[in-house]
Amino acid sequence: MSLASTAHGTISTFFSNLFISLPYPNTSFENQTIIVTGSNTGLGFEASRHLVRLGVHKLIMAVRNLEKGEKAKREILTSTNRPDDSIEVWNLDMDSYESVKKFAVRISTSLDRLDGVLANAGIMTTEFRMSEDNERTITVNVVATFLLILLLLPKLHESAEKYKINPRIVIVNSALHYVASTKELDPNDNNNNEIFSRLNNPKTADMSSRYAVSKLLVLYAVRELAERLKARKPLVVINTPNPSFCKSGLMGNDVSFGERTAEKLLARSTEMGSRALVHALSSGVESHGEYLTNCHVQQPSCLVTDAKGVQIQKKFWKELVQKLEKVAPGIESNI
């Protein structure tokens with residue numbers, strides 16, 4: 001990571017949280033069907049509440065725990081005074097490729113229309129643990145996320161053509177990508193050229209930077225996928241917003257006194273952070289392939305835009321698609 005990139009990411013986060021209030025969402029989602037993953041708590045829950053308030057026709061709350069999802073649904077309906085059938089709670093476990101595939105099949109066979117996907121589900125941990133064929137952070141935040149998106153693309157393309165709309169794919173990002181370490185990603189820094197092999201090595205994995213790295217990988221994949229989606233019209237828009245440092249529950253309970261104090265002093269409220277996600281869902285073609293901060297397009301880290309970043313991006317996308325093809329053969333043709 002460069003000192004300039006680190007400084008920019010840190011200073012912009014402090015400035016944003018202390019001095020910028022995000023606009024309150026007021027765009028109508030009438031007649032739209034939206035999926036929100038990880039929607040029973042944190043940013044996903046508050047974004048879901050906004051969407052229901054703004055008239056979404058059908059909200060699919062995709063959650064790992066159906067009981068908690070139903071409880072969240074009741075709370076949202078009570079606070080918005082919307083009818084019960086405006087929300088459906090569906091099971092989705094991002095730790096399981098099979099769960100992702102079953103969810104995508106259900107979407108493709110049950111819904112007539114899909115206007116947007118808010119891929120909010122994610123984890124932050126310093127514990128190395130394998131899930132499926134990767135370290136768990138990489139499985140949940142990256143591989144399973146893009147497995148879901150690529151499996152849903154046929155329904156999104158179909159909806160775009162049938163209803164003459166620009167469906168949106170939103171994958172939540174973080175300013176922490178500015179401080180990510182690329183030592184596990186850069187083939188010039190390691191004899192092992194396989195990015196996933198290095199990330200999945202328990203002896204060398206840098207878990208202190210793993211969440212930041214996962215968000216950097218999301219940016220690489222979003223930019224590659226955006227290029228490929230340009231060829232089809234109407235365009236399916238993909239973007240990746242940064243809600244900034246929020247009280248979201250992402251860090252869990254195992255945090256230090258310093259981290260807890262920083263959260264109290266500097267973190268945005270969960271509702272404030274969710275505004276960035278709803279804005280991304282209401283954004284148009286101008287946001288395609290872009291990183292968003294404070295509800296506008298912002299240049300990502302030089303780790304993304306410089307020559308080395310471009311090299312890593314190309315290599316990572318190739319490896320990611322190869323991995324996804326093994327999980328769901330033929331998935332690349334969905335693009």
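Here, the structure is the one placed above.
A quick note: this is a predicted structure, and the numbers were derived from the prediction, not measured. (Residues numbered from 1 in each chain as written. Predicted model: local features only at pLDDT ≥ 70, side-chain atom pairs only at ≥ 80, totals over all residues. Heavy atoms only, no water.)

Our next topic: the overall build of the protein chain. Within the protein chain, the regular secondary structure consists of 11 helices and 10 strands. Considering only intrachain contacts with a sequence separation of at least 6, the fraction spanning at least 24 residues in the protein chain is 78%. When the accessible area of the protein chain is evaluated, it comes to approximately 14200 Å², of which 51% is carbon and sulfur surface. (Helix = DSSP H or I, 4+ residues; strand = E, 2+ residues; numbered from the N terminus. Contact = heavy atoms within 4.5 Å. Areas by Shrake-Rupley, 256 points an atom, 1.4 Å probe, with all protein chains shown as cover.)

Attention now moves to the environment of T37. With respect to the helices and strands, T37 occurs in strand β1 (residues 33-37). Not counting the four nearest positions on each side in its chain, T37 is found in contact with A62, L92, L118, A119, N120, A121 and L148. Among the polar contacts listed, one links the side chain of T37 to the backbone nitrogen of N120, at a separation of 2.9 Å. Looking at T37, its side chain comes within polar contact range of the main-chain nitrogen of A121, at 3.0 Å. (Polar contact = N/O pair within 3.5 Å; in protein donor to acceptor, adjacent residues only side chain to side chain.)

Okay, the packing of helix α2 (residues 42-53) against helix α9 (residues 270-282) next. Contact pair α2 / α9: the axes reach a minimum separation of 8 Å and the direction vectors enclose 60 degrees. Judged by the angle between their axes, α2 and α9 are oblique. With respect to the hand of their crossing, α2 and α9 are arranged in right-handed fashion. Facing α2, whose interface residues are G42, L43, E46, A47, H50 and L51, α9 presents T270, E271, G273, S274, R275, L277, V278 and L281. The class makeup of the residues in the contact of α2 with α9 is six nonpolar, five polar and three charged. (Axes fitted to C-alpha atoms, helices over the stretch in contact; angles between N-to-C directions. Parallel < 35°, antiparallel > 145°, perpendicular 65-115°, else oblique. Left-handed = near helix turned anticlockwise from the far one by under 90°. Nonpolar A, V, L, I, M, F, W, Y, C, P; charged D, E, K, R; others polar.)

Read across the open sheet, the eight strands follow the order β3-β2-β1-β4-β7-β8-β9-β10; overall the sheet is mixed. The outermost strands of the open sheet, each flanked by one partner alone, are β3 (87-91) and β10 (296-298). Sheet twist, expressed as the average angle between the axes of neighbouring strands with direction ignored, equals 25 degrees. Of the strand pairs in this sheet, β1 and strand β4 (residues 116-119) are connected by three bridges, and their pairing is parallel. In the strand pairing of β4, I35 is matched with V117. The sheet contacts of helix α4 (residues 97-110) involve β1, β2 (58-63) and β3, and relative to β3 the element is tilted by about 145 degrees. α9 contacts β1, β4, β7 (168-171), β8 (237-242), β9 (291-293) and β10 of the sheet and is inclined by roughly 165 degrees relative to β8. (Pairing = 2+ DSSP bridges.)

We now examine the side chain of K323. Along the polypeptide, K323 turns up in helix α11 (residues 307-327). For K323, a relative accessible area of 12% corresponds to the buried category. A polar atom in the side chain of K323 sits 3.0 Å from the side chain of N134. Apart from residues lying up to four places away in sequence, K323 is in contact with Y97, D133, N134, V143 and F196. (Buried < 20%, exposed > 50% of the residue type's maximum accessible area, 1.4 Å probe, protein only.)

Two numbers describe how helix α7 (residues 210-229) lies on α11: the axes approach to 9 Å, and their chain directions differ by 80 degrees. Taken together, α7 and α11 sit at an angle that is classed as roughly perpendicular. Contacts between α7 and α11 involve L217, Y220, A221, R223, E224, L225 and R228 on the former and, on the latter, G309, I312, Q313, K314, F316, W317 and L320. For the contact of α7 with α11, the class distribution of residues is eight nonpolar, two polar and four charged.

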